[in-house]
2 protein chains.
Amino acid sequence: MTESTSTSAYDALGFVFHPRSVAVVGASTSQGPGGFVEAILEMGFDGALYPVNPKASELAGLTCYPSLADVPGDVDYVISSIPAPLVPQLVEDAAAKKTKVIHFFTAGFSETGDDERADLESKTVARCRELGIRVIGPNCMGLYVPAAGLSFMPGMPREPGSVAFISQSGANAGEFCRAAGARGVRYSKVISYGNGVDLREADFFEYCAEDPDTDVIAAYIEGVKDGPRFLRAVSLAASRKPVIILKGGRTEAGGRATASHTGSLAGSLQIFDAACRQAGAIRVDTMDQLVDAVTATRFISRLSGPGVAIIGGGGGHSVLAADEVASAGLRVPALPQEVQRKLMDFTPVAGTSVRNPVDTNVGFGLQGNKAISDTIRIAAEAEEIDVILYHTSFSWGPATRGVVDPVKLAREGAVMLGEVMRETDKPVVVVVRPPLGAHGVEATVAFQDEAAAQGLATFPAVGRAADALATLLWAQRLRQEGA
Amino acid sequence: MTESTSTSAYDALGFVFHPRSVAVVGASTSQGPGGFVEAILEMGFDGALYPVNPKASELAGLTCYPSLADVPGDVDYVISSIPAPLVPQLVEDAAAKKTKVIHFFTAGFSETGDDERADLESKTVARCRELGIRVIGPNCMGLYVPAAGLSFMPGMPREPGSVAFISQSGANAGEFCRAAGARGVRYSKVISYGNGVDLREADFFEYCAEDPDTDVIAAYIEGVKDGPRFLRAVSLAASRKPVIILKGGRTEAGGRATASHTGSLAGSLQIFDAACRQAGAIRVDTMDQLVDAVTATRFISRLSGPGVAIIGGGGGHSVLAADEVASAGLRVPALPQEVQRKLMDFTPVAGTSVRNPVDTNVGFGLQGNKAISDTIRIAAEAEEIDVILYHTSFSWGPATRGVVDPVKLAREGAVMLGEVMRETDKPVVVVVRPPLGAHGVEATVAFQDEAAAQGLATFPAVGRAADALATLLWAQRLRQEGA
């Protein structure tokens with residue numbers, strides 16, 4: 001057990017993330033939830049994969065074994081998807097197979113509040129310790145590690161990335177990966193650890209702190225069992241890379257829910273906040289904020305200050321954008337006169353403004369992208385401007401009327417924005433207001449994909465982009481203080 | 001000019017909203033933005049519609065006239081889509097046609113900050129006054145009144161409804177109508193009035209206060225020219241129906257943008273807030289909040305208190321939902337023991353909780369909807385519960401795997417929720433987390449459509465639903481105090 005951070009948690013836990021063989025015990029024979037076999041196959045796992053279920057002889061093209069004892073050879077990693085009462089026998093079978101890690105998807109332990117079930121949990125973890133088996137869970141989704149071919153649900157991106165996510169909740173792990181994934185975020189290690197009876201947040205923070213594949217660490221945490229060790233682990237991690245934590249159970253009602261969910265004591269938010277601040281980590285309130293902050297951190301290497309140039313179409317949109325950016329604590333400085341003059345050279349006078357917000361009707365598309373590209377480039381020349389916020393949408397305008405191919409228009413727009421960002425030395429973030437029905441979805445998705453490929457951070461609302469930029473500035477300051 | 005509210009603004013302005021003939025001067029011959037002819041045809045206008053443009057002889061199947069003077073007979077309502085310098089001649093032509101109202105889509109007047117253009121605006125409005133012509137605008141989208149067959153952009157719902165929207169911004173009018181429209185909100189009168197040189201917010205508030213087709217009044221306002229009259233008009237309106245106002249320019253940066261946009265002085269937010277409160281109207285900060293508050297107000301006739309039962313799947317989702325509802329100032333009371341016992345009778349023990357939030361894995365679909373319907377009905381029995389918040393999504397789970405028809409599943413789910421709401425005497429609101437890509441869009445849209453038909457308020461996030469419910473409670477209290 002790596003209790004101290006002086007021995008390398010990275011070396012000590014490496015085997016957890018790189019199993020050579022995996023057995024899924026209680027593998028689902030229907031297409032219901034669970035689906036570990038399907039998810040791991042989809043991820044291209046290149047080790048041995050053994051479905052175990054007495055009701056089937058074959059599953060997803062693989063031989064299915066009646067019990068773990070029937071699997072040929074050793075099994076590094078076991079996923080338990082069987083009911084809790086069957087777990088003691090599984091642990092003994094795993095020991096015989098020289099198993100190193102059991103991930104208990106199985107729920108129905110201490111989190112139920114039932115004494116007998118809590119007792120079964122204690123006995124299970126004690127027996128695993130005796131046998132030298134590490135435990136992930138119970139009551140969790142386990143691992144999604146694309147580089148190792150592991151996944152906990154179908155439909156996850158196969159390509160690996162640089163963001164680690166440490167989550168006490170499986171639903172939130174899935175939600176985060178999908179939501180941030182749609183913005184182009186990709187993952188090094190995603191860990192859903194549920195009740196965390198053995199391996200838990202501190203272990204994973206220590207590991208990710210040293211993991212060369214991880215540049216940003218995000219986490220969803222309901223309760224911490226060993227506060228001082230957690231603080232040491234987060235401090236270590238935050239001294240090396242950005243750490244952003246969503247704390248579940250920040251209210252009394254949420255705290256009651258964490259007890260039912262993972263048997264966690266949510267504890268005092270004030271103490272948690274003080275610990276985060278001391279460690280140099282950021283705490284956010286909502287899943288949206290987590291996704292937004294990680295997106296900003298992943299795509300913007302450095303924000304030099306709070307000056308935002310807001311560029312886009314629609315006078316009312318521009319007014320509200322200015323209000324939301326200013327409310328987030330950022331600045332929307334009026335552009336210098338000479339910059340305004342340059343913009344006036346080609347911006348139509350009626351229904352526009354070049355002051356900042358820049359309300360321009362030169363959008364993507366029909367007339368080409370040069371005017372909008374020039375607008376961004378010229379606004380970025382102003383010294384007071386640290387970041388460009390460009391806002392748009394694909395649910396109306398010419399793109400919706402069959403005049404041009406909206407998907408092509410969207411892709412070209414994203415390419416142009418990437419080009420202009422590389423030409424200026426200032427980050428460009430893009431707000432794409434979501435389509436309000438099935439209409440415009442394809443173009444929006446195409447735009448987001450291409451924008452991510454171009455290295456652009458995208459957000460679904462100006463207020464959310466502004467909050468993420470403010471959080472990024474705050475995080476930079478906090479880490480500078482700590483450094 | 002109706003300066004006093006003692007004469008009926010409703011009678012005095014009725015002709016504005018029910019023209020018998022409409023001319024679109026400068027009608028677009030391409031499919032670009034503007035598109036008034038197309039929009040009005042789409043809305044089924046049953047009066048005479050005259051496109052005017054010297055470059056075409058026919059437009060959208062209608063005879064197109066070279067000038068307004070060439071149109072046969074009188075024209076009640078003129079839409080001006082020509083450049084500002086051509087406006088003086090148009091006003092004279094309109095007078096000859098006994099025109100009662102000109103809507104100037106035309107921009108490029110006082111909002112540019114240019115003295116000559118501001119002068120043209122003053123002269124235009126003065127001349128219109130002399131001629132007895134009322135003006136909407138300039139620099140605005142004008143009217144969307146489905147019952148009268150008027151619309152300012154294609155793609156708006158044809159069926160009328162009970163919500164009026166008074167907006168100084170055309171972009172925000174479009175955004176609001178589409179966003180709230182996707183939740184099932186429909187409209188009595190939508191007015192984009194831009195610079196508001198003649199008819200402006202106070203006139204429209206007075207009109208909507210008396211309009212029997214309007215039950216809820218929403219507004220986007222950048223600046224008010226006559227404060228005392230505005231306060232009287234809003235007070236009158238709010239004494240009769242809920243009034244919710246989004247104020248653009250609540251920050252210094254936003255205020256600079258309102259000046260460029262509609263030439264408005266944004267003024268002090270404190271004074272505006274005090275006026276709203278005195279009048280019994282609600283002010284919100286963002287477009288999302290406006291859409292959410294109107295949705296809640298339209299679909300929930302009365303909220304009896306702050307007690308929320310949160311029901312849905314996913315332990316982590318449930319924890320965060322409880323945090324967000326409690327943070328909004330609502331209550332998430334633990335359900336009484338006897339209610340918990342009834343729920344435990346059929347809720348699987350592993351991975352669930354029946355305390356509140358109710359984290360249940362009995363979702364829509366494969367196993368039918370009885371279990372989830374029973375869960376809602378039983379939770380609603382608790383005296384502490386005033387409203388049920390059910391959260392779900394259609395972007396993963398069995399519905400995404402081709403096992404069942406996701407659109408059918410979604411519709412059946414919405415019907416079930418409508419049925420159970422009518423069986424209990426408590427409102428049910430539904431949070432549908434948006435799909436994170438093209439996947440799940442169809443089912444989400446189908447669900448929202450059916451939910452609206454069932455009388456259910458839907459929201460895209462728990463936090464947004466919670467804020468809207470808190471706003472609704474506050475609005476009810478404010479109007480009770482005033483009554």
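Peer 1: Whenever I open this one, the overall build of chain A confuses me. Can you help?
Peer 2: Within chain A one finds 16 helices and 18 strands. Principal axes of the C-alpha set define a box for chain A whose edges measure 80 × 50 × 40 Å. When burial is assessed residue by residue, chain A has 62% of its 483 residues classed as buried. Sequence separation of 24 or more characterises 76% of the internal contacts of chain A that already satisfy a separation of 6 or more. Side chains of chain A carry 43 positive and 55 negative charges; the gap between the two charge centres is 2 Å.

Peer 1: Explain the interface of chain B and chain A here, please?
Peer 2: Taken together, the contacts link 71 residues of chain B with 71 residues of chain A. Taken together, chain B and chain A are joined by two salt bridges. When the shortest N-O distance is used, the salt bridge between B:Arg433 and A:Glu175 registers 3.9 Å. Elements with a contribution of two residues or more to the side of chain B that touches chain A: α5 (170-182), β12 (243-247), α8 (252-262), α11 (315-327) and α15 (441-453) of chain B. It is α11(B) that provides the largest number of residues to the side of chain B that touches chain A, a total of 11 residues.

Peer 1: What am I meant to see in the relation of the copies chain B and chain A here?
Peer 2: Superposing the two chain copies requires a rotation about an axis and a translation along that axis. Superposition of chain B onto chain A requires a rotation of 180 degrees combined with a translation of 0.0 Å along the rotation axis, giving an RMSD of 0.0 Å. A rotation of that kind, with that shift, is consistent with a two-fold axis. Both copies contact each other with a shared surface, as 100% of the interface residues of chain B are interface residues in chain A too.

Peer 1: Even after reading the chapter, I still don't get the sheet that holds strand β7 (residues 134-136) of chain A, so can you show me in this structure?
Peer 2: In sheet architecture, strand pairing relies on hydrogen bonds along the backbone and comes in two forms, parallel and antiparallel. Residues and elements named next belong to chain A. Strand order across the open sheet formed by five strands is β2-β1-β5-β6-β7, with parallel pairing between neighbours. The open sheet has two free edges, formed respectively by β2 (48-52) and β7, since each of these has just one partner strand. For this sheet, the mean inter-axis angle between neighbouring strands, taken without regard to orientation, is 15 degrees. Two strands pair when backbone bridges link them, and strand β5 (residues 77-80) and strand β6 (residues 101-104) are joined in this way by four bridges, in the parallel orientation. If you follow Tyr77 over to β6, its bridge partner there is Val101. Sheet strands in contact with helix α1 (residues 9-17) are β5, β6 and β7, and its direction is about 60 degrees off that of β7.

Peer 1: Would you mind showing me how to read the pattern of salt bridges here?
Peer 2: Two side chains with opposite charge may pair up if their charged atoms get near one another. Residue and element names in this part refer to chain A. All chains considered together, the criterion is met by 56 salt bridges over all chains. Notably, a salt bridge pairs Glu381 with Lys342, separated by 2.9 Å at the nearest N-O pair. Within this pair, whereas Glu381 is found in the loop between α13 (370-380) and β16 (387-393), its partner Lys342 is found in helix α12 (residues 337-344), the two being separated by 39 residues in sequence. Each of Arg183, Asp288, Asp292 and Arg464 takes part in salt bridges that share partners, so that together they form one network.

Peer 1: Quick question: what am I supposed to make of the confidence of the model for chain A here?
Peer 2: Residue and element names in this part refer to chain A. Here chain A shows a mean pLDDT of 91. Residues at 70 or above account for 94%. Every residue in residues 1-6 scores below 50 in pLDDT, and together they form 15 contacts with partners more than four places removed in sequence or on other chains. For this predicted complex, the interface confidence comes out at an ipTM of 0.90, alongside a pTM of 0.92.

Peer 1: Just to check I follow, could you spell out the packing of α13(A) against helix α14 (residues 406-423) of chain A for this structure?
Peer 2: Residue and element names in this part refer to chain A. Taken N-terminus to C-terminus, the directions of α13 and α14 make an angle of 25 degrees; their axes are 10 Å apart at the nearest point. It follows from the interaxial angle that α13 and α14 lie roughly parallel. Both α13 and α14 take part in a crossing whose hand is right-handed. Judged by residue contacts, Ile372, Ser373, Ile376 and Arg377 of α13 engage Met416, Leu417, Val420 and Glu423 from α14. For the contact of α13 with α14, the per-class residue count stands at five nonpolar, one polar and two charged.

Peer 1: Got a minute to help me understand the nonpolar core in this structure?
Peer 2: One broad trend across soluble globular proteins is that nonpolar side chains are buried collectively. Ranked by size, the top nonpolar core spans 219 residues in total, and within it A:Phe176, A:Phe205, A:Ile245, B:Phe176, B:Phe205 and B:Ile245 carry the most contacts. When residues of this core are assigned to their parent elements, the largest contribution, 10 residues, is made by helix α16 (residues 462-482) of chain B. Setting aside residues no more than four positions away along its own chain, B:Phe205 makes contact with B:Ile166, B:Ile217, B:Ala219, B:Ile221, B:Phe230, B:Ala233, B:Val234, B:Ala237, B:Val243 and B:Ile245.

Peer 1: How do you make sense of the sheet that holds strand β14 (residues 308-312) of chain B when you look at a structure like this?
Peer 2: Residues and elements named next belong to chain B. Strands sit in the order β15-β14-β16-β17-β18 across an open sheet of five strands; the sheet is parallel. Of all strands in the sheet, those with a lone pairing partner are β15 (358-359) and β18 (457-459), marking the two edges. When β14 meets strand β16 (residues 387-393), the two strands line up parallel, connected through five bridges. Following the sheet pairing, Ile310 is matched in β16 by Leu389.

Peer 1: Looking at this structure, how should I read the packing of aromatic side chains?
Peer 2: The geometry of two aromatic rings is summed up by the distance between their centres and the angle between their planes. Per the counting criterion, the structure on display carries 26 aromatic pairs over all chains. Between B:Phe17 and B:Phe204 the ring centres are 6.4 Å apart and the planes differ by 75 degrees, which places this aromatic pair in the edge-to-face class. Note that B:Phe17 is positioned in helix α1 (residues 9-17) and B:Phe204 in helix α6 (residues 201-210), a separation of 187 residues in sequence. Overall, B:Phe204 belongs to the buried group, its relative accessible area being 1%. On the numbers, 5.9 Å between centres and 40 degrees between planes, the contact of B:Tyr193 with B:Phe204 is tilted. Of the two residues, B:Tyr193 is situated in the loop between β10 (187-192) and α6 and B:Phe204 in helix α6; the sequence distance between them amounts to 11 residues. Each member of the pair, B:Tyr193 as well as B:Phe204, is classed as buried. By way of ring pairs, the aromatic residues A:Tyr10, A:Phe17, A:Tyr193, A:Phe204 and A:Tyr207 are connected into one cluster. Above the plane of the ring of A:Phe299 lies A:Arg298, whose end atom (NZ or CZ) is 4.5 Å from the centre.

Peer 1: What's the story with α8(B) in this structure? I'm lost.
Peer 2: At 3.6 residues per turn, the α-helix brings residues three or four places apart onto the same side. Of all 11 residues making up α8(B), nine are buried, and the element is well covered by its neighbours. Listed as buried for α8(B) are B:Ala253, B:Gly254, B:Gly255, B:Arg256, B:Ala257, B:Thr258, B:Ser260, B:His261 and B:Thr262. For α8(B), the elements touching its buried residues are α11 (315-327) of chain A. Two residues or fewer past α8(B), B:Gly263 is found with a positive phi of approximately 65 degrees.

Peer 1: What exactly am I supposed to notice about α15(B) here?
Peer 2: Under the 1.5 Å per step criterion, the end-to-end length of α15(B) is 18 Å for 13 residues, consistent within 8% with the ideal 18 Å. Listed as buried for α15(B) are B:Val441, B:Ala443, B:Thr444, B:Ala446, B:Phe447, B:Gln448, B:Glu450, B:Ala451 and B:Ala452. Buried positions along α15(B) lie against α15 (441-453) of chain A together with α5, α10 (287-299), α14 (406-423), β17 (428-433) and β18 of chain B. Immediately beyond the C-terminal end of α15(B), within one or two residues, lies B:Gly455, with a positive phi of roughly 85 degrees.

Peer 1: Sorry, what's going on with unusual backbone geometry here?
Peer 2: The general pattern is negative phi for most residues beyond glycine and trans for most peptide bonds. Cis geometry marks the peptide bond from B:Gly137 to B:Pro138; its omega dihedral reads 0 degrees. Take B:Pro138: it is sitting in the loop between β7 (134-136) and β8 (142-144). With an omega of 5 degrees, the peptide bond running from B:Asn356 to B:Pro357 counts as cis. Assignment of secondary structure puts B:Pro357 in the loop between α12 (337-344) and β15. Unlike most non-glycine residues, A:Asn356 shows phi in positive territory, near 115 degrees.

Peer 1: Can you help me understand the environment of B:Ser8 in this one?
Peer 2: All names here are of chain B. Mapped onto the elements, Ser8 comes out in the segment before α1. Taking the C-alpha atoms as reference, Ser8 lies 15 Å from Arg240; in sequence the two are 232 residues apart. A polar atom in the side chain of Ser8 sits 3.0 Å from the backbone nitrogen of Asp11.

Peer 1: Can you walk me through the packing of helix α7 (residues 227-240) of chain A against helix α9 (residues 269-279) of chain A in this structure?
Peer 2: The description of two packed helices rests on the angle between their axes and on the distance between the axes. Residues and elements named next belong to chain A. Their axes nearest at 8 Å, the elements α7 and α9 cross at an angle of 35 degrees. α7 and α9 meet at a crossing whose hand is right-handed. Where α7 approaches α9, its residues Phe230, Leu231, Val234, Ser235 and Ala238 are matched on the opposing element by Phe272, Ala275, Gln278 and Ala279. Considered class by class, the residues forming the contact of α7 with α9 number seven nonpolar, two polar and no charged.

Definitions and limits used
Residues numbered from 1 in each chain as written. Chains lettered and ligands numbered in written order. Predicted model: local features only at pLDDT ≥ 70, side-chain atom pairs only at ≥ 80, totals over all residues. Heavy atoms only, no water. Helix = DSSP H or I, 4+ residues; strand = E, 2+ residues; numbered from the N terminus. Buried < 20%, exposed > 50% of the residue type's maximum accessible area, 1.4 Å probe, protein only. Contact = heavy atoms within 4.5 Å. Lys, Arg positive; Asp, Glu negative; His and termini not counted. Charge placed at Lys NZ, Arg CZ, Asp CG, Glu CD. Salt bridge = Lys/Arg side-chain N within 4 Å of Asp/Glu carboxyl O. Least-squares fit on C-alpha atoms with pLDDT ≥ 70 in both. Pairing = 2+ DSSP bridges. Axes fitted to C-alpha atoms, helices over the stretch in contact; angles between N-to-C directions. pLDDT = per-residue confidence, 0-100. Parallel < 35°, antiparallel > 145°, perpendicular 65-115°, else oblique. Left-handed = near helix turned anticlockwise from the far one by under 90°. Nonpolar A, V, L, I, M, F, W, Y, C, P; charged D, E, K, R; others polar. Core = buried A, V, L, I, M, F, W, Y, C linked by side-chain atoms within 4.5 Å. Phe/Tyr/Trp six-rings, centres within 6.5 Å; stacked < 30°, edge-to-face > 60°. Lys NZ or Arg CZ within 6 Å of the ring centre and 35° of its normal. Expected span 1.5 Å × (residues − 1). Polar contact = N/O pair within 3.5 Å; in protein donor to acceptor, adjacent residues only side chain to side chain.

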